[in-house]
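Structure assessment
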Amino acid sequence: MSFSAGDSAKGASLFKTRCAQCHTLGAGEPHKVGPNLHGIFGRKSGQAEGFSYTAANVNKGVTWEVQTLFEYLENPKKYIPGTKMAFAGLKKEKDRNDLVTYLKESTA
């Protein structure tokens, strides 16, 4: 399974219903239960300034790109055992493609 560009509008809807309660996207917006995702692409896991991560996130050392996020969002607790992210994941490839496409556009 690999990432392929999805529908950003559908990704925005997924973000609003599944992610926005814990994450913000805009530059300078505050962290919530989860970190602000602005600038996530190209950043290593566990590195958003001012957010307290689990050691599991910091030590994973993955660089977030479209493919790594696509894989992570299927089952976060399997991808990073010990993460405190309480999200079961998005099992459908299409949903993950849509969400990652939206995040790529919205976090730069």
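Just so it is clear, the model here is predicted, and its values are computed rather than measured. (Residues numbered from 1 in each chain as written. Predicted model: local features only at pLDDT ≥ 70, side-chain atom pairs only at ≥ 80, totals over all residues. Heavy atoms only, no water.)

Section: the packing of aromatic side chains
Spelled out, the test is: Pairs were defined over the aromatic rings of Phe, Tyr and Trp, the Trp ring being its six-membered one, requiring ring centres within 6.5 Å. Orientation was assigned from the angle between planes: stacked under 30 degrees, edge-to-face over 60, tilted for the rest. For the purposes of this entry, the term helix denotes a DSSP run of H or I that reaches at least four residues, the term strand denotes a run of E that reaches at least two, and both are numbered from the N terminus. Residue exposure (1.4 Å probe, protein chains only): buried if accessible area is under 20% of the type maximum, exposed if over 50%, otherwise partly exposed.
By the definition in use, this model includes 5 aromatic pairs. Look at Phe15 and Tyr102: their rings are 5.9 Å apart centre to centre, the planes differ by 50°, and that puts the pair in the tilted class. A residue pair is termed long-range when its members are at least 10 positions apart, and Phe15 in helix α1 (residues 8-18) and Tyr102 in helix α5 (residues 93-106) qualify at 87 residues. The two residues Phe15 and Tyr102 agree in class, both being buried. Consider the rings of Tyr72 and Tyr79, whose centres lie 5.7 Å apart with planes at 75°: the pair is edge-to-face. Residues Tyr72 and Tyr79 agree in their burial class; the two are buried. Taken together, the aromatic side chains of Trp64, Tyr72 and Tyr79 make up a single cluster linked through ring pairs.

Some points on the nonpolar core
Test applied: We call a set of buried residues a nonpolar core when its members are Ala, Val, Leu, Ile, Met, Phe, Trp, Tyr or Cys and they connect through side-chain atoms within 4.5 Å of each other. Contacts were defined at the residue level, with two residues in contact if any of their heavy atoms lie within 4.5 Å.
Grouped together as the largest cluster of nonpolar side chains are 21 residues, with contacts concentrated most on Phe15, Trp64, Leu69, Tyr72, Leu73, Leu99 and Leu103. Of the residues forming this core, the biggest block, 4 residues, is contributed by α5. Ignoring sequence-local partners within four residues, the contact set of Leu69 consists of Ile40, Phe41, Trp64 and Val100.

A closer look at the environment of Arg18
Turning to its location among the elements, Arg18 is positioned in helix α1. Residue classification places Arg18 among the partly exposed positions, given a relative accessible area of 37%. Arg18 sits 69 residues away from Phe87 along the chain, and the two C-alpha atoms are 8.5 Å apart. Excluding residues within four positions of it along the chain, Arg18 makes contact with Phe87, Gly89 and Leu90.

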